[in-house]
Amino acid sequence: MFSNRFEYFAPKSLEEALALLATYQDDAKLLAGGQSLLSLMKLRLANPRVLIDLGRIADLDYLRADGDKLNIGALATYAQIKESELLQNKCPLLPKTASVVGDAQVRNRGTLGGSLAHADPHGDMPAAALALEAELKAVGPKGARWIRAEDFFVGIFSTVLAPDEILTEIRVPASDNTRSVYLKAARRPSDFAMVGVALRLKLGPEQTCEQITIGVTGVTDKPYRGAAVEKALRGQKLNAKTIEEAAALITDGVDVAEDLHASKKFRSHLARLYTGRAIRAAM
Ligand SMILES: Cc1cc2nc3c(=O)[nH]c(=O)nc-3n(C[C@H](O)[C@H](O)[C@H](O)COP(=O)(O)OP(=O)(O)OC[C@H]3O[C@@H](n4cnc5c(N)ncnc54)[C@H](O)[C@@H]3O)c2cc1C
């Protein structure tokens, strides 16, 4: 099916894009890699009157080190993230996660900013952003603000971004001896996650858990931090018993989703299983 008719703009600067967004407001949609939005438009589930293509704004496409942080432009694609030596050395969780998103075509076009702003409850990158305690820069008519990944996702396909704001940058910590892993349970390799667990772990002497951060996707209406597991493990010696007991807390306080891919019971089981596996893999 073809999409409904729309007007198309390709601004060359962020200022121009913000001005277009202010002019057309709810009639407009931002276009990044188009890997979610164009499908929705062809299915006529999204019918924007105006498309503002961010793709020609060179200032949004970069990967940079800045002291103990790494700054990633919202337009960086999964493929760029996967191939980046800087990220492989300083933040391997992002390339590891990007490498299991969709297929090569999706990874060549889809962007980190688009993935986070789209907030698909089964998306992979939101889990990594949570485990990395990423900070997200939103720019709007009133200026810029930084949002913690933990505060960014509100619910299904919904974030705290205002309609007149553009997500411009994602800031993550450069490696500080943490180990990281992303494990995804999907029916086929290019599918969305039934459950995805991203994890960063810092070990102390005798396998003691000094620091752990966990991001979970696919389980409920939004990606979330595995805070109960983190709390249970911090300061503990990691062994089969402590890992098993803590992993059982991964769905604590979470309304586990049920759909055609997995019942509540099976998805809860997967979440527990993949959390335990992710901890052991990181060790
Ligand atoms: C066949 C297929 C398989 C896929 N498999 C996976 C998978 O396994 N895992 C996974 O996580 N995803 C998967 N995806 C989705 C893919 O990751 C999308 O690329 C991603 O969800 C959206 O990124 P995008 O750059 O394409 O954004 P777009 O589709 O261009 O935009 C998505 C939404 O975000 C908004 N937006 C985009 N950029 C910004 C910005 N900078 N600021 C504010 N709002 C913005 C748009 O207005 C739109 O509402 C798949 C997609 C396809 C087609």
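Scroll up to find the structure this text is about.
Draft legend 1. Highlighting the pairing of strand β3 (residues 50–53). The two faces of β3 match: Val-50 and Ile-52 on one face and Leu-51 and Asp-53 on the other face are all buried. Here strand β1 (residues 7–9) runs beside β3; their pairing, made up of three bridges, is parallel. Bridging across to β3, Glu-7 finds its partner in Val-50. Pairing between strand β2 (residues 28–31) and β3: four bridges, direction parallel.

Draft legend 2. How the structure looks around the side chain of Asp-53. Note on placement: Asp-53 falls in strand β3. Within polar-contact distance, the side chain of Asp-53 engages the side chain of Tyr-8 at 2.5 Å. Engagement of the side chain of Asp-53 in a polar contact is seen with the backbone nitrogen of Gly-55, the distance being 2.8 Å. If we skip the residues at most four places from it in the chain, Asp-53 touches Tyr-8, Phe-9, Ala-10, Pro-11, Leu-31 and Ala-32.

Draft legend 3. Fine view of the sheet that holds strand β10 (residues 166–173). One open sheet accounts for five strands, arranged β4-β5-β10-β6-β7; its pairing is antiparallel. Each edge of the open sheet is held by one strand with a lone partner, namely β4 (63–66) and β7 (143–148). For this sheet, the mean angle separating the axes of adjacent strands, direction not counted, is 25°. Judged from the five bridges that link them, strand β6 (residues 135–140) and β10 form a sheet pairing that is antiparallel. Residue pairing in the sheet places Leu-136 in a bridge with Ile-170 of β10. Each of β6 and β10 touches helix α1 (residues 14–24); the most contacted strand, β10, lies at about 130° to it.

What counts and how
Residues numbered from 1 in each chain as written. Predicted model: local features only at pLDDT ≥ 70, side-chain atom pairs only at ≥ 80, totals over all residues. Heavy atoms only, no water. Buried < 20%, exposed > 50% of the residue type's maximum accessible area, 1.4 Å probe, protein only. Helix = DSSP H or I, 4+ residues; strand = E, 2+ residues; numbered from the N terminus. Pairing = 2+ DSSP bridges. Polar contact = N/O pair within 3.5 Å; in protein donor to acceptor, adjacent residues only side chain to side chain. Contact = heavy atoms within 4.5 Å. Axes fitted to C-alpha atoms, helices over the stretch in contact; angles between N-to-C directions.

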